[in-house]
Amino acid sequence: MHRRLLIRSAAAATLLPAAARAQPFPSKQLRILVATPPGGGLDLVARILAQELTKSAGLSILVENKVGGAGTIAVREALRAPPDGYTILLGTIGMLAVNPYAMKDAGYNPPTDITPICMAVDFSNVLAVHPDVPARTLADYLELGRRPDGIDYGTAGIGSAGHLAGELLRVRSGARLNHVPFRGGGPAMNDLMGGHIASAMASGPTATSAIREGRIRALALTAAQRTPIDPDVPTIAELGFPGYAATNWYTLVVSSKVPRDIVDRLNTLMNGALGASEVREAYARQGMMTLGGTVDDAAAYIARETTVWKKVIADAGIRME
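Residues numbered from 1 in each chain as written. Predicted model: local features only at pLDDT ≥ 70, side-chain atom pairs only at ≥ 80, totals over all residues. Heavy atoms only, no water.

### Regarding the layout of surface pockets
Quick note on the threshold: Two kinds of site are reported from a 1 Å grid over the protein atoms alone, namely cavities, where a 1.4 Å probe fits but cannot get out, and pockets, open sets with protein on both sides within 12 Å along at least five of seven lines, and residues are called lining when an atom falls within 4 Å of a point. Grid points are joined across faces, edges and corners, and a volume is the space filled by probe spheres set on the points. Under the DSSP-based scheme used, a helix requires at least four consecutive residues in state H or I and a strand at least two consecutive residues in state E, with every element numbered from the N terminus. Only Asp, Glu, Lys and Arg are considered charged, only Ala, Val, Leu, Ile, Met, Phe, Trp, Tyr, Cys and Pro nonpolar, and every remaining residue, Gly among them, polar.
If you add up the space inside the largest pocket, you get close to 610 Å³. In terms of lining residues, the largest pocket is bounded by 42 residues, among which Thr36, Ala156, Gly157, Ser160 and Gly184 are the most central. Mapped onto the lining of the largest pocket, the elements with two or more residues apiece are α3 (41-57), α5 (93-97), β5 (151-155), α9 (161-173), α10 (185-193), β7 (199-203) and β9 (247-255). Residue composition of the lining of the largest pocket, grouped by class: 20 nonpolar, 20 polar and 2 charged. In this structure, the second largest pocket spans a volume of roughly 370 Å³. In terms of residue class, the lining of the second largest pocket is made up of 8 nonpolar, 6 polar and 3 charged.

This is the structure in structure tokens:
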């Protein structure tokens, strides 16, 4: 009799829906892949988010820096991982709207290979110079850029939001702005503060503290409007280039092979963390606007940005080898 009961129990268990038999998601550590070294804006956003997910949802989060290949190494790592939702990529404009169209072969196609979870943040870049550079306005800066040798500006790398913003300014102004790519925003900012490079098109999170400390000088913002954190810094658009706008954004994504129910669960978790007042305030202190939203919102956002920057890439002749 006991044996028959065991058999019946086992048979009943096999008839349960898979969702009822499976462990609730997530049941182990999540990885958030970041394509830049520690110290830059991308890394900062990931670590603030990870801290909140640990605090509010009790999750174990590993922020893993996968640097190189203009972000392609991190993207490929995310796509190689088991499609179980435990490997998340904090994607950027460069990874999702630039690389596939500026590289001969990025090794991935965002519309088919990647599914967004939700948008994370949006923010302006800032054009900044070392204090020794004789430029206190954008007009001064562009005048230096019209010399035979032009002026160098550093960014987080080829195809980064700063690179796109710099190329757009170069095309609009006709100045000789020489792009110097770094392996992340942190290294670019270190060289700018050290006087090894004249200027940088940097993300707000990377540049804010150095601007406040007087270690670099902000000349202009790349957003369409001034930001609350830097209300005295004008935009490039208002300084003679109407319609100029080049913001930076980060979005959380996974492989398109991850089941939709898991993507939806991740969307709920991430929106919960992004909605926390501590997270929004931490991002705001860095000049960032917290976004969040649905999976479909993120997909539409990325599609719009891709259309804009594909044209800039073609017009500026940006090629990444």
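### Here we look at helix α11 (residues 204-212)
For clarity, the threshold we go by: Only protein chains enter the accessibility calculation, which uses a 1.4 Å probe; a residue is then buried when its area is under 20% of its type maximum, exposed when over 50%, and partly exposed in between.
When you tally the buried positions in α11, you get 7 out of 9 residues, the bulk of the element. The complete set of buried residues in α11 reads Gly204, Pro205, Thr206, Ala207, Thr208, Ala210 and Ile211. One or two residues past the end of α11 sits Gly214, with phi positive at roughly 75 degrees.

### Comments concerning the nonpolar core
Applied cut-off: We call a set of buried residues a nonpolar core when its members are Ala, Val, Leu, Ile, Met, Phe, Trp, Tyr or Cys and they connect through side-chain atoms within 4.5 Å of each other. Any two residues having at least one pair of non-hydrogen atoms within 4.5 Å are treated as being in contact.
Membership of the largest hydrophobic core comes to 92 residues, with the highest contact counts inside it found for Leu90, Tyr141, Leu169, Tyr244, Tyr250 and Tyr283. Examining the composition of this core, we find that 9 residues originate from one element, strand β4 (residues 114-129), more than from any other. Not counting residues within four places of it along the chain, the set of residues in contact with Tyr283 comprises Val45, Ile48, Leu49, Val121, Leu274, Met288 and Thr290. Residues Ala128, Phe182, Ile197 and Ile211 belong to the second largest nonpolar core, which totals 16 residues.

### Points about α10
Put simply, the test is: Arc, as used here, means the arc of the directions from the helix axis to the C-beta atoms.
Residues of α10 that are buried: Gly185, Gly186, Ala188, Met189 and Leu192. The arc that holds every buried residue of α10, seen down its axis, measures 160 degrees, which confines them to one face. Looking one or two residues past α10, Gly195 carries a phi angle of roughly 80 degrees, positive in sign.

### Here's the deal with the packing of α10 against α11
Rules: Whenever a helix is involved, its axis is fitted only over the stretch in contact; in every case the axis is a line through C-alpha atoms, and angles between N-to-C directions fall within 0 to 180 degrees. With respect to orientation, any angle under 35 degrees is reported as roughly parallel, any angle over 145 as roughly antiparallel, any angle of 65 to 115 as roughly perpendicular, and every other angle as oblique. For a crossing to be left-handed, the near helix must be turned anticlockwise from the far one by less than a right angle; the clockwise case is right-handed.
The interhelical angle for the contact between α10 and α11, taken along N-to-C directions, is 25 degrees, at an axis separation of 10 Å. With respect to each other, α10 and α11 are oriented roughly parallel. Taken as a pair, α10 and α11 cross one another with a handedness that is right-handed. Contacts between α10 and α11 involve Gly185, Gly186, Met189 and Met193 from the first element and Thr206, Ala207 and Ala210 from the second. Within the contact of α10 with α11, the residues separate by chemical class into 4 nonpolar, 3 polar and no charged.

### So, the packing of α9 against helix α14 (residues 295-316)
At a minimum axis separation of 10 Å, α9 and α14 run at an interaxial angle of 55 degrees. For the element pair α9 / α14, the angle class is oblique. α14 is crossed by α9, and the crossing has left-handed handedness. Here Leu164, Glu167, Leu168, Arg170 and Val171 of α9 come into contact with α14, specifically with Trp309, Ile313 and Ala316. When its residues are assigned to classes, the contact of α9 with α14 shows 6 nonpolar, no polar and 2 charged.

Everything listed here is a matter of coordinates, which is why it stays silent on function.
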